[in-house]
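In case you want the letters, here they are:
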Amino acid sequence: MDKHKPSDEMIKELDNLLSKINAMEIVASDDYQKNSIKIMRALVEGQMHAINEFQHLKKAIDLLTLQLFDVQNKVNS
């Protein structure tokens, strides 16, 4: 089973994908293509947002864990 990529690498790949989607929009010729591109852009941007929010959540959990250890040390001493 493969390990997942680090979040920075995933964001970079998604940013590259977003650049390709933007290029596709320039050459899109009909409404179907333009609407498909809008959907792809929304999905990629949503995925980037989810990764960023997950990073914030991990930081919050780390800070909460440190606070719990501080409280535990104060109670035990």
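See the structure above.
These figures come from a predicted structure and were not determined experimentally.

Caption draft 1: Here's a closer look at a nonpolar patch on the surface. Among the surface-exposed residues, Phe54, Leu57 and Ile61 lie close enough to one another that they form a single nonpolar patch of about 300 Å² accessible area. Along the chain, isoleucine 61 falls in helix α2 (residues 31-76).

Caption draft 2: How the structure looks around the environment of lysine 12. The topology assignment puts lysine 12 in helix α1 (residues 7-27). Note: C-alpha distance between lysine 12 and glutamine 47 (35 residues apart in sequence) is 12 Å.

Caption draft 3: Structural detail: the pattern of salt bridges. A complete count under the given rule lists 2 salt bridges for this structure. The salt bridge involving glutamate 13 is made with lysine 5; its shortest N-O contact spans 2.8 Å. For lysine 5, a relative accessible area of 35% corresponds to the partly exposed category. Residue arginine 41 pairs with glutamate 25 through a salt bridge whose shortest N-O separation is 2.7 Å. On the criterion of sequence distance, the pair formed by arginine 41 in helix α2 and glutamate 25 in helix α1 is long-range, its members being 16 residues apart. With a relative accessible area of 15%, arginine 41 lands in the buried category. The class of glutamate 25 is partly exposed, set by a relative accessible area of 35%.

Conventions adopted
Residues numbered from 1 in each chain as written. Predicted model: local features only at pLDDT ≥ 70, side-chain atom pairs only at ≥ 80, totals over all residues. Heavy atoms only, no water. Patch = residues over 30% accessible without salt bridge, like charges linked within 9 Å, V, L, I, M, F, W, Y side chains within 5 Å. Areas by Shrake-Rupley, 256 points an atom, 1.4 Å probe, with all protein chains shown as cover. Salt bridge = Lys/Arg side-chain N within 4 Å of Asp/Glu carboxyl O. Helix = DSSP H or I, 4+ residues; strand = E, 2+ residues; numbered from the N terminus. Buried < 20%, exposed > 50% of the residue type's maximum accessible area, 1.4 Å probe, protein only.

The quantities given are spatial measurements derived from coordinates; they are silent on function.
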